[in-house]
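An overview of the molecular structure
Chain by chain, the residues:
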Amino acid sequence: MQPETESDTYDIIIAGGPLSLSLTLPPTLTYYARRRHPGSVLAARSPPQTPRDNPRPRGRPIDTRHRTHTQPARYLTHLRPGSTTVRFNVARKSDAVRGREVVVPCGRCVSRCTRARRRATTMTGSACMEMRLGADALLPLMRKCETYQVQPGLAYAWFLDVARAYDPAREVAEDPNDLAACDVYARWPKWISAESGARSDVAHCYLYPRVHAPGSNLHLLADCAVIRVLFSETRATGVEYLPGAGAPLRTVQARRLVVLSAGAFGSPAILERSGIGADAHLCAAGIPRRVSLPGVGENFHDHLIMIVPFRAAEDVETLDGIARGNEHEVARWTAQWEKDGSGLMAHNGLDAGVKIRPNAAERATMGPAFARRWEEYYAAAPDKPVLILVPPALYIGPDPNPPEKCFSMLYYSMHPAATGRVHVTSADDPAAPPDFDPAYLTRDEDLAVMTWAYKRSREFARRMPCYRGELVADHPAFSAESGARCVAHARPVPVDVPDIVYSADDERVLEEYTRERVGTAWHALGTCAMRPREKGGVVDERLNVYGIQGLKIADLSIAPSNVASNTYSTAVLIGEKAAVMVAEEMGISGI
């Protein structure tokens, strides 16, 4: 298909949104107006209006027609079958997850994530070094993009009380979010405004205020699928895109720079459709090679997640009614949210947590595969946690009719050893399913982390005052004779009761359960890694794509390894740093 003759020219094109959260697909187009002056870069990345200052664009209230975007408690609606706000990427079948085709969703709306993210530590000091970004230089940008506010929680106090008594060797603190803290239980701050109760997201705090500002030279085209980057010899000169289903291709030209910000799925796909990637993958999709970069689409990282449900006391406040679409609950809490920004609608149910580095006694129970992983990867990096443990105040699982009140124990591994890959299967169709293998649980050490985390989380759950038993169908099928068998109805046990003992048969059952249930934490990254080219890198330390001039990538795909965090915070930081770099290269100061 030939593009239309209509073509606009701008200074900079950002394909994938002004800040991709590794969840933006199909990519949107953001581009600058023709006027070239120092304000143009500022228009692309305006300073955030933090929640304390003004979480909503001035003079333009949040569009309440789309409450699922602005009400934190309704984040799970985006993951329902038929959702139009995410794309469901289906992986290859894998024996490691018992023949399942794991589904990994990624967002397809402007600068959004699927959840009201926790404001967990952006990345560790080790991760900063791996990305060749100094922690000292990043700290001012981290402070710039957040405002610390403490809100009342749901059941976090119980979780922290159990932590103090059951795990006294670890600390309970007010805020563990620095670049090094591990083994600290704490409240979990989130990107939610304490004043409005609305999600403090990139779209409302960065993008919309500039798009709607009088005389803005920032233009946004949503619902567009970027096909490929255009070139003049080895220089990027624009992009080709589909403005909607059935519409003809269009092009837009860039005088100075093209930036890809389409995330861990979108950015490598755009590169490959542009002829940049490994020869074998380009050939398989019928794409002529422009630049040989074998690292494109490789190095896929994610956090492996399990969410295990428990029965909760009937008098406990949970998000179950809202999450299941109970009309009375939704109407009740929406009214309060609209009145003063408070109530359950202003929560995502994730109010406390801990990042854990297992101690020597705990590691002794995790097997030889993890012991090797510890010595090779964790021992010399004290800022790298192994897993996160959080108690969500709702049921999250496959049962269509769970009990009225539930809570869960959510745990995910921070640095899985296995890495996957994602590649295009079509030269021209951005909607074609990718060739995707996340490699979940293909390494024994990753399985060891997840099985140990189940045991740990279960001990916490049965000590919490809200505990009323286990949802047996959503737990391992331990035998009736096992001392580890699950109990449908129970009361909390004393904090000092001995831990459950798991037999060899129980361990096998738990491993099988984990393989059958493990999934994605929606934290995909790494597929256009910032590394030396000879080591599989795709971009250099200035975000430039190797072998091409005038083409950068600014999203989570550049991370060379995993981050010890929810990835929203890291994505915001990458966007801030990218804005500084672009401004420097254009001679603009004050960013």
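Our structure's up above, just so we're on the same page.
A short tour of the structure in this document, coming up.

Cut-offs applied
- Residues numbered from 1 in each chain as written.
- Predicted model: local features only at pLDDT ≥ 70, side-chain atom pairs only at ≥ 80, totals over all residues.
- Heavy atoms only, no water.
- 1 Å grid on protein atoms, 1.4 Å probe; cavity = no way out; pocket = protein on both sides within 12 Å on 5 of 7 lines; lining within 4 Å.
- Points joined across faces, edges and corners; volume = space filled by probe spheres on them.
- Helix = DSSP H or I, 4+ residues; strand = E, 2+ residues; numbered from the N terminus.
- Buried < 20%, exposed > 50% of the residue type's maximum accessible area, 1.4 Å probe, protein only.
- Core = buried A, V, L, I, M, F, W, Y, C linked by side-chain atoms within 4.5 Å.
- Contact = heavy atoms within 4.5 Å.
- Phe/Tyr/Trp six-rings, centres within 6.5 Å; stacked < 30°, edge-to-face > 60°.
- Lys NZ or Arg CZ within 6 Å of the ring centre and 35° of its normal.
- Axes fitted to C-alpha atoms, helices over the stretch in contact; angles between N-to-C directions.
- Parallel < 35°, antiparallel > 145°, perpendicular 65-115°, else oblique.
- Nonpolar A, V, L, I, M, F, W, Y, C, P; charged D, E, K, R; others polar.
- Arc of directions from axis to C-beta.
- Pairing = 2+ DSSP bridges.
- Patch = residues over 30% accessible without salt bridge, like charges linked within 9 Å, V, L, I, M, F, W, Y side chains within 5 Å.
- Areas by Shrake-Rupley, 256 points an atom, 1.4 Å probe, with all protein chains shown as cover.
- Salt bridge = Lys/Arg side-chain N within 4 Å of Asp/Glu carboxyl O.

**Here we look at the layout of surface pockets**
Taken as a whole, the largest pocket spans an internal volume of roughly 1000 Å³. In terms of lining residues, the largest pocket is bounded by 30 residues, among which I307, I396, G397, P398 and W522 are the most central. Among the secondary structure elements, those contributing two or more residues to the lining of the largest pocket are β4 (100–107), β13 (304–312), α14 (504–517) and β20 (519–520).

**Topic: unusual backbone geometry**
Phi at L441 is positive, roughly 55 degrees, even though this residue is not glycine. Inspection of the secondary structure assignment puts L441 in the loop between β18 (435–437) and α13 (444–461). For L441, a relative accessible area of 2% corresponds to the buried category. In this model, W522 sits at a positive phi of 65 degrees, which is unusual for a non-glycine residue. Along the chain, W522 falls in the loop between β20 and β21 (551–553).

**A short note on the nonpolar core**
Counting 60 residues, the largest nonpolar core has F159, F407, Y454 and F460 as its most contacted members. Element by element, the count of residues in this core is highest for α13, at nine residues. With sequence-adjacent residues up to four places away left out, F159 is seen in contact with Y185, A352, G353, V354, L389, P391, M409, F460 and M464. Of all hydrophobic cores here, the second largest spans 49 residues; its members include V258, L551, I553 and V563.

**With respect to the packing of aromatic side chains**
Given two aromatic rings, one states the distance between the centres and the angle between the planes to describe the pair. With the rule as written, the count across this model stands at 16 aromatic pairs. A centroid spacing of 5.2 Å and a plane angle of 75 degrees characterise the contact between F265 and F436, whose relative ring orientation is edge-to-face. Here F265, found in helix α7 (residues 263–273), pairs with F436, found in strand β18; they are 171 residues apart in sequence, far enough to count as distant. With respect to burial, F265 and F436 carry one shared label: buried. Members of the aromatic cluster, joined through ring pairs, are F159, Y166, Y185 and F460. Lying over the aromatic face of W374, R363 brings its terminal NZ or CZ to 4.1 Å of the ring centre. Here the basic side chain of R373 rests over the ring of Y377, its NZ or CZ set 4.0 Å away from the ring centre.

**What about the packing of α13 against α14?**
Remark: α13 packs on α14, axes separated minimally by 10 Å, with the N-to-C direction vectors making an angle of 105 degrees. Between α13 and α14, the crossing angle belongs to the class labelled roughly perpendicular. Listed contacts from α14 to D444, L447, M450, T451, Y454 and K455 of α13 are E507, L510, E511, Y513, T514 and R515. Looking at side-chain class alone, the contact of α13 with α14 contains five nonpolar, two polar and five charged residues.

**A word on helix α4 (residues 135–144)**
Of all the residues in α4, the buried ones are L138, L141 and M142. The buried side chains of α4 occupy one side of the element, clustering within an arc of 105 degrees when seen end-on. Along α4, exposed side chains directed more than 90 degrees from the buried face belong to D136 and R143.

**Focus: the packing of helix α12 (residues 368–378) against α13**
Relative to each other, α12 and α13 sit at 105 degrees, their axes nearing to 8 Å. The angle between the axes of α12 and α13 places the two elements in the roughly perpendicular class. Here α12 contributes A369, F370 and R373 to the contact with α13, which in turn contributes D444, E445, A448 and V449. For the contact of α12 with α13, the class distribution of residues is four nonpolar, no polar and three charged.

**Details of the environment of P416**
Mapped onto the elements of the fold, P416 is located in the loop between β16 (406–413) and β17 (421–423). Assessed through its relative accessible area of 7%, P416 is described here as buried. If we ignore the near neighbours within four places in the chain, the residues touching P416 are D302, L304, R373, D446 and N562.

**Focus: the pairing of strand β3 (residues 86–94)**
Sheet topology note: the β3/β4 ladder contains seven bridges and is antiparallel. Bridged to N89 within β4 is V104. Taken together, β3 and the strand that follows it, β4, pair antiparallel across an intervening segment of five residues, in which R98 is found at a positive phi of about 60 degrees.

**Overview of a nonpolar patch on the surface**
Side chains of F88, V90 and V103 sit close together on the surface and give an oily, nonpolar patch of about 200 Å² of accessible area. Here F88 is to be found in strand β3. Owing to a relative accessible area of 30%, F88 belongs among the partly exposed residues under this scheme.

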